[in-house]
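Analysis of the macromolecular model
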Amino acid sequence: MKHHNYSIIGHRQPAVDAASKATGQAQYTVDIQLPGMLWGKILRSKYPHARILNIDTSKAEKLAGIKAVITHKDTLGKKFGFVRNTADQYPLAVDKVRYIGDEIAAVAAVAEDVAEEALALIRVDYEVLPAVFDPLEAIDPEAPLIHDGQNNISARLAWEFGNVEEGFGESDFVRQDTFYTQPVNHCPLEPHACVASFEPPDHLTVWASTQGVFYLRNQLSRTLDMPISNIRVIRPQVGGAFGGKIELFPFNVCAAILSQKTGKPVKIVCTREEVFTATRCRHPMIIHLKTGVKKDGALVAVQARIILDGGAYNSTGPVATYLAGAFLCLPLKARNIKYEGFRVYTNKPVCGAQRGHAVPQIRFAIESQLDIIAETLGLDPIELHLKNAVQTGDVTLNKQVITSCGFSECLEKIKAQRSPALPEGKGIGFATCAFVSGATYHLFFTTEAFANAIIQANEDGTVSLITGVADIGQGSDTVLAMITAEELGIGVKDIKLITADTDLTPYDWGSGSSRVTYQAGNATKMAAAQVKKLLLEAVSHELDVYPEELVARDGRIFVRDRPEKGISFAEAVSLAQKSTGGEPIIGQGEFQPQEAKVNLQSGEGNTSPAYSFGAQLAQVEIDKELGKVKVTKMVVAHDCGLAINPMAIEGQIEGSIAMGHGQALYEELIQEKGQTLNADFINYRLPTARDVPEVETMLVESVDPGGPYGAKESGEGIIVSTIPAIANAISNATGGRIHSLPLTPEKLLKALEQKTK
Amino acid sequence: MLTFSYYAPTSLNQACRLLSEAQGQARLLAGGTDLLIQMKRNLVKPQFLIDLKKIKRLKGIEYDPEKGLRIRALVTHSELLHNPWILGYYPILAQAAQTIGSVQIRNKGTVGGNLCHAVPSADLAPPLLVLNARAVVRGLKGKKFIPLEEFFCAPNQTILKDGEILQEIEVPRMPERSKAIYLKHGIRRAMEIAIVGVAVLMALKPDRRTCAEVRIALGAVAPTPIRVVEAENSLQGKIIAPEEIEKAASIAAAHAQPITDLRGSAEYRQEIVRVLTARAITHAARII
Ligand SMILES: Cc1cc2nc3c(=O)[nH]c(=O)nc-3n(C[C@H](O)[C@H](O)[C@H](O)COP(=O)(O)OP(=O)(O)OC[C@H]3O[C@@H](n4cnc5c(N)ncnc54)[C@H](O)[C@@H]3O)c2cc1C
């Protein structure tokens, strides 16, 4: 789809770091070797809930090769948390441990196995406390308390727009279901890791596999009580994150303290088991959902009561609870909405952000229910969605402002792809999604800017793009380089990237909530435009034309109507430098969305500056005797705004589908009494290359007025519709409906058995 | 810290001697795809590691039209996949090998390791059981021949005694007018440990309708891979018909003693045994 005349934007661009990653040159955190570096390891709780009576580290300290052992006494005992005013986690347990995996002590040793051996020598006396694992039991006022407080509710949000009771009264058909979702891990191929190096008297450098260097710096600064300017956080290459590396982790703080104690750099690399059990997982939810519609499918009322199983700490809990409610309906409109979300503490691994952040769960429920409703009323589910679809210019009940929307076009495109009659054992399912392009609000209550960029032009015709953005593998560096190149009329190869280093680069919040293309993209575009302005002015004097007559393209700056009249980009830079008396040719840009307008209590406010939309079809083949599901194909129509790099967008969509496919069908952390039983890649099944279905992508490019060149998000939205599309396809093929994820063969056989009863 | 002494003998004799001198403190190393994981997880802590890979006598596949097939212990799954005799006369073995792990695992993992690790889900066990294979075991005192049915004792436990090494597997010729098939139930299309494995060998009488001999073996549904003779007996001598197949399949399911674990419930596994046994019999009886 070419509807523009850009030379870089909209063209397929391989990732700028692809070659270095493919050839093994790329340096990840684990690759960092510093002179005298020590290995750190964490001692974790064996019990889901216990009081710590005593920690005896004396034996461990005496082990040859051990350089330091720390407990909470070596920390400042400051709580941290994703959302500042709900901070509830200590770097090392102070009084209690709250889940199997909770951090108790840390050691630094000359080698990894020595560190491991030392852990076994630390003696912890526990008083085991009654534990609670089921969120429904945890919510009971009589349940054992996991934190100080009145109850185990870590966040509660509730709101109503319109009046759902009246809405149900007006409805021709009301349907009520309960859906369940499971805990899943992000499974980044690169495990969480960091290296901390304390340089006396008071400076700390941290290399970390993180989604945001400034956010991490901030959190470290508070937890270690050090000024931010004394901390330098650097992001080496990151091998995947998916929301799981957005937070500060206790091991980051431990590495810093161990380095301070020993005077040596300390590296901590999580084992896969630790990644599975002691980082974060997706919030499991119990979703009670009630929907009322008119005979023609018009949505009259939607009511949801949700219990989020949060695990032992708050993490992103309040944000997750908000998002599940904020995206109860979008991309659809309903006349009345009521939402109540409880996030509950349990003595289990902690739940936080993961691709789609709480929206995939709610969308699984609502899209499954709409499918049931459409079938019951004899309506085409796509028509039902078309009838209720949001449109450009709409403001939803909870005040989300839809600045651009190609949702109906996505639906029409998908409708055209639907094959009519299917043979026995085959099925087709349909579902939709909407997602944010970053947040408009400072939920994290930090004072920093959102996104800054600096661009400096060099006299050899290249430019340096300096940004705090932490590319985590999604290809955002490439997109920012493309934006810079387009604006300045040079090539992507001419862009030198200096990124994600808090001492060298200007502020950026990081790779979270699908914000980078939109927010950092705008900042980058603005910085590039400033550089261009300086260059065009200089060239206009030289060529004796007005700056407006000049064009920067293909490495030259020339007169629009007389292309032969012009000079090279490199010459223009020298010229500009001379003409300003040697000042650097620098542009700066920023992006700052409107002031905080989301009110968590009322649920009102514009979540994001722009929303992506999508619709997808899943085709499945079912072995009804074995209950086995094979997803044969996924067809996606995605409104991601203008596609700056279509190749990267296809990659993101395929990635979302690979991940969503696994989470729909088999991924699940199996927990028994707080213990994770399958913390490895044989028993926790992640889709292999042979399992991932064929994907067909159709882009619907609604050009957003606020996005750089009209771009919106594409990293997260699509996983939201992948899961319900597969669920609906299974139901379409078999007539059996499964209300809980994952949709395993065993559950399918049971559903089919029930159907025949 | 993980410390051990490493030996790499070049003859079977040497290996047997080292093994018995170690008095139970040694482990044999073949491809290492099971053993090294156990060691890294501290599940086994051998003092001595005896690497078999330098022993030529443990490598290669031989075939004799009269005596049948000889698969030496160090033969890898990938070798099974590409061997012309296996592909020509015992395709069930290639078919089973294809389902194991990933390319990397198939390149490293060996037939000997698969059988000696003795997990109930070992994918080569059911096919070799229906092929009436026998194990050639080498000890300090010489060779022993053990029918594979007697080889497995319990999870992770074989009949091998201290100082004994599995040298090779002998597989007789397949009966006339016979076909064998292995069906594995798993969720993913690779890297999947069997939830249930079913192997069936069917030999038909000259009428090509009557069962002359049938052998049925199950994996992952009992403490060891097992033959289900009761199911076999119900089919023997019968004209192959859907009711007979269903009956044999139900008997096989009834004789499975699965447990509930991470990979599936006992009840579900039992049902899968029934479905897969019926499918395997149908398949083996049809295409001859
Ligand atoms: C990721 C992964 C996926 C896997 N997938 C599958 C699968 O799908 N199906 C499957 O069946 N298995 C699977 N396995 C298990 C394993 O790869 C196979 O069982 C393999 O055949 C083991 O062979 P090995 O040579 O690596 O054994 P080793 O690890 O070298 O040895 C295994 C055991 O057998 C003993 N042993 C080895 N050779 C002899 C011998 N000649 N005499 C006596 N004792 C001996 C060793 O001492 C050890 O106790 C998988 C393993 C991994 C890591």
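Each value, and the rule that gives it
- Residues numbered from 1 in each chain as written.
- Chains lettered and ligands numbered in written order.
- Predicted model: local features only at pLDDT ≥ 70, side-chain atom pairs only at ≥ 80, totals over all residues.
- Heavy atoms only, no water.
- Contact = heavy atoms within 4.5 Å.
- Buried area = accessible area lost by both parts, 1.4 Å probe.
- Salt bridge = Lys/Arg side-chain N within 4 Å of Asp/Glu carboxyl O.
- Patch = residues over 30% accessible without salt bridge, like charges linked within 9 Å, V, L, I, M, F, W, Y side chains within 5 Å.
- Areas by Shrake-Rupley, 256 points an atom, 1.4 Å probe, with all protein chains shown as cover.
- Helix = DSSP H or I, 4+ residues; strand = E, 2+ residues; numbered from the N terminus.
- Buried < 20%, exposed > 50% of the residue type's maximum accessible area, 1.4 Å probe, protein only.
- Pairing = 2+ DSSP bridges.
- Domains from an automatic or database assignment.
- Phe/Tyr/Trp six-rings, centres within 6.5 Å; stacked < 30°, edge-to-face > 60°.
- Lys NZ or Arg CZ within 6 Å of the ring centre and 35° of its normal.
- Core = buried A, V, L, I, M, F, W, Y, C linked by side-chain atoms within 4.5 Å.
- Axes fitted to C-alpha atoms, helices over the stretch in contact; angles between N-to-C directions.
- Left-handed = near helix turned anticlockwise from the far one by under 90°.
- Nonpolar A, V, L, I, M, F, W, Y, C, P; charged D, E, K, R; others polar.
- Expected span 1.5 Å × (residues − 1).
- Disulfide = S-S within 2.5 Å.
- Near = heavy atom within 4 Å.
- Polar contact = N/O pair within 3.5 Å; in protein donor to acceptor, adjacent residues only side chain to side chain.

**Digging into the interface of chain A and chain B**
At the interface, 25 residues of chain A touch 22 residues of chain B. With both chains or domains summed, chain A and chain B bury close to 2200 Å², and 54% of this area falls on carbon and sulfur atoms. Three residues stand out in chain A for area buried against chain B, namely L626, R685 and R690 of chain A, and they jointly supply 27% of the buried area on that side. At the surface where chain A touches chain B, the tally comes to three salt bridges.

**Description of a nonpolar patch on the surface**
Residue and element names in this part refer to chain B. The grouping of L2, F4 and Y6 at the surface amounts to a nonpolar patch, some 290 Å² of accessible area in total. Relative to the assigned elements, F4 resides in the segment before β1 (5-7). When its relative accessible area of 35% is taken as the criterion, F4 is described as partly exposed.

**Comments concerning the pairing of strand β13 (residues 211-219) of chain B**
All names here are of chain B. Taking burial as the measure, the nine residues of β13 include seven buried ones, the bulk of the element. Pairing between strand β12 (residues 196-204) and β13: eight bridges, direction antiparallel. Residue pairing across strands places A199 opposite A217, the latter belonging to β13. Connecting β12 to the next strand, β13, in antiparallel fashion are six residues, including R208 with a positive phi near 60°.

**What about the domain arrangement of chain A?**
Residue and element names in this part refer to chain A. Domain annotation of chain A identifies domain 1 (18-26 + 450-591), domain 2 (32-129 + 189-240 + 245-278) and domain 3 (281-441 + 598-756). One C-alpha centre belongs to domain 1, the other to domain 3, and the line joining them spans 37 Å. Contacts between domain 1 and domain 3 engage 18 residues on the former and 22 residues on the latter. Summed over both sides, the interface between domain 1 and domain 3 buries roughly 1500 Å², with carbon and sulfur atoms accounting for 61% of that surface. Contact with domain 3 buries surface across domain 1, with S513, S514 and Y518 losing the most and accounting together for 41% of the total. One can count zero salt bridges joining domain 1 with domain 3.

**Focus on the packing of aromatic side chains**
Taken as a whole, this structure holds 21 aromatic pairs over all chains when the rule is applied. Measuring from centroid to centroid gives 6.3 Å for Y63 of chain B and Y90 of chain B, while their planes differ by 75°, and the two rings are edge-to-face. Placement of the pair is Y63 of chain B in strand β4 (residues 61-64) and Y90 of chain B in the loop between α4 (84-89) and α5 (91-98), with a sequence separation of 27 residues. A connected cluster of aromatic rings, assembled from ring pairs, spans Y63, W85, Y89 and Y90 of chain B. The ring of F168 of chain A is capped by K290 of chain A, whose NZ or CZ atom sits 4.4 Å from the centre of that ring.

**Some words on the nonpolar core**
A general feature of soluble globular proteins is that nonpolar side chains tend to end up buried together. Within the largest apolar cluster, 178 residues are counted, with the highest numbers of intra-cluster contacts made by L743 of chain A together with M202 of chain B. Formed by 50 residues, the second largest nonpolar core is a distinct cluster that contains L480, L543, I557 and A610 of chain A.

**Some details on the packing of helix α10 (residues 242-255) of chain B against helix α11 (residues 266-286) of chain B**
Residues and elements named next belong to chain B. Packing of α10 against α11 brings their axes to within 8 Å, and their N-to-C directions diverge by 140°. The handedness of the crossing between α10 and α11 is right-handed. For the pair α10 and α11, the contacting residues are I245, E246, A248, A249, S250, A252, A253 and A254 in the first and Q270, V273, R274, T277, A278, I281 and T282 in the second. Here the residues of the contact of α10 with α11 sort into nine nonpolar, four polar and two charged.

**Structural notes on the sheet that holds strand β14 (residues 226-227) of chain B**
All names here are of chain B. If you trace the four strands from one edge of the open sheet to the other, you get β11-β12-β13-β14, paired in antiparallel fashion. The sheet is open, and its two edges are formed by β11 (178-185) and β14, each paired on a single side. In this structure, β11 lies alongside β12, joined through eight bridges in antiparallel fashion. Pairing of Y182 across the sheet is with A199, part of β12. Relative to the sheet, α5 contacts β11 and β12, its axis offset from that of β11 by approximately 10°.

**Brief notes about helix α18 (residues 745-756) of chain A**
Taking 1.5 Å as the rise per residue, α18 of chain A with twelve residues should run 16 Å; its terminal C-alpha atoms sit 17 Å apart, in good agreement. In this structure, the buried residues of α18 of chain A make contact with β26 (611-623), β27 (628-639) and α17 (717-734) of chain A together with α11 of chain B.

**As for the state of the cysteines**
Counting across every chain of the model gives zero disulfides over all chains. Left without a disulfide partner, C640 of chain A is nearest to the cysteine sulfur of C410 of chain A, which lies 8.9 Å away. C16 of chain B takes part in no disulfide bond, and the closest cysteine sulfur to it belongs to C116 of chain B, at a distance of 12 Å. C16 of chain B sits in the buried class, given a relative accessible area of 0%.

**Quick word on the site of the ligand**
With respect to spatial proximity, 35 residues lie near the ligand, and among them L28, G31, T33, T110 and D123 of chain B are the closest. Chains contributing residues to the immediate surroundings of the ligand are chains A and B. Separating an oxygen atom of the ligand from a backbone N or O atom of G32 of chain B is a distance of 2.7 Å. In isolation the ligand has 980 Å² of accessible area, and contact with the protein removes 92% of it. When contributions to the shell around the ligand are tallied by element, the ones reaching two or more residues are β2 (26-29), α2 (35-40), α7 (111-117) and β10 (165-171) of chain B. Split into classes, the residues belonging to the shell around the ligand amount to 17 nonpolar, 13 polar and five charged.

**A few points about the packing of helix α10 (residues 359-377) of chain A against α17 of chain A**
All names here are of chain A. Here α10 crosses α17 at 35°, and the two axes come no closer than 8 Å. As α10 runs across α17, the sense of the crossing is right-handed. Contact residues: α10 offers V359, P360, R363, F364, E367, S368 and D371, while α17 offers I719, V720, I723, P724, A727 and N728.

**Focus: the environment of P155 of chain B**
Position of P155 of chain B relative to the elements: it lies in the loop between β8 (152-154) and β9 (157-158). Excluding residues that lie within four positions of it along the chain, P155 of chain B makes contacts with A118 and P223 of chain B.

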